[in-house]
Structure formats: structure tokens, C-alpha cells
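Coordinate inspection notes
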Amino acid sequence: MTADTFDNTVINAGETIGATAGKVVATAKRTATAIGEQKERTTAAAAQVRSETRRVVKSAKKVAASAKKSIKRVAKKLKRR
């Protein structure tokens with residue numbers, strides 16, 4: 001094997017390894033970006049669910065209070081009779 005052939009082989013191997021490493025890094029970046037986007041979507045969905053839950057609980061408390069007043073009103077009317 002001549003020095004030129006050996007040098008070419010080393011250069012080709014280096015280029016191949018460099019290209020493969022570049023592809024691995026690019027894939028890792030894409031994966032990290034996708035995971036980050038998914039995390040953001042999940043966080044937003046969780047916040048929306050929390051907000052909706054608070055609204056529903058508040059509404060349920062309001063309905064319960066209204067029902068309680070209604071029952072008291074009916075009880076007073078029945079006592080009058």
C-alpha cells in the first residue's frame with residue numbers, strides 16, 4: 001500500500017465518519033425538538049384542563065348554592081300552609 005493510497009483511505013474513512021456523525025447529531029436535534037414541542041403541547045393541554053376543571057367546580061358550587069336556597073324557599077312556603 002502506497003502512502004497516497006493510505007492517505008486516501010484515511011481521508012475517505014474520516015469523511016464517512018464525519019458524515020455519519022453529522023446525521024446522528026441532526027437526528028438527535030430533530031428528536032429533541034419534537035420532544036420539546038410535544039412537552040409544550042402537553043403542558044398547554046394540562047393548563048387548559050386545570051382551567052376547565054376550576055370553571056366546572058365553580059359552576060357546580062353555584063348550582064348547589066342555588067339549589068340550597070330553593071329548598072329553603074320551598075320549606076318556608078310549606079311551613080306557612
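The sections below set out a description of the structure shown in this document. If you're wondering where the values come from, they're calculated on a predicted model, not measured in any experiment.

Our focus in this paragraph is the overall build of the chain. Looking only at helices and strands, the chain features one helix and zero strands. In terms of C-alpha radius of gyration, the chain reaches 35 Å, well past the compact-globule figure of 12 Å for 81 residues. In the chain, which comprises 81 residues, the proportion classed as buried is 0%. Per element, the accessible surface of the chain, about 7500 Å² overall, is 63% carbon and sulfur.

The subject of this paragraph is a positive patch on the surface. A cluster of basic side chains, namely K68, K69, K72, R73, K76, K77, K79, R80 and R81, defines a positive patch on the protein surface. Residue position: R80 is located in helix α1 (residues 3–80).

For the coordinates displayed, the defined rule picks out one salt bridge. In this structure, the salt-bridge partner of R55 is E52, at a minimum N-O distance of 2.5 Å. Linking R55 with E52, this pair stays in helix α1, spanning three residues, or about one helical turn. Residue classification places E52 among the partly exposed positions, given a relative accessible area of 39%.

Within the secondary structure layout, A34 lies in helix α1. For A34 and K68, which are 34 residues apart along the polypeptide, the C-alpha to C-alpha distance reads 51 Å.

Thresholds applied
- Residues numbered from 1 in each chain as written.
- Predicted model: local features only at pLDDT ≥ 70, side-chain atom pairs only at ≥ 80, totals over all residues.
- Heavy atoms only, no water.
- Helix = DSSP H or I, 4+ residues; strand = E, 2+ residues; numbered from the N terminus.
- Rg over C-alpha atoms; globule rule 2.2 N^0.38 Å.
- Buried < 20%, exposed > 50% of the residue type's maximum accessible area, 1.4 Å probe, protein only.
- Areas by Shrake-Rupley, 256 points an atom, 1.4 Å probe, with all protein chains shown as cover.
- Patch = residues over 30% accessible without salt bridge, like charges linked within 9 Å, V, L, I, M, F, W, Y side chains within 5 Å.
- Salt bridge = Lys/Arg side-chain N within 4 Å of Asp/Glu carboxyl O.
- Lys, Arg positive; Asp, Glu negative; His and termini not counted.
- Charge placed at Lys NZ, Arg CZ, Asp CG, Glu CD.

Spatial relationships are all this shows, so hold off on functional conclusions.
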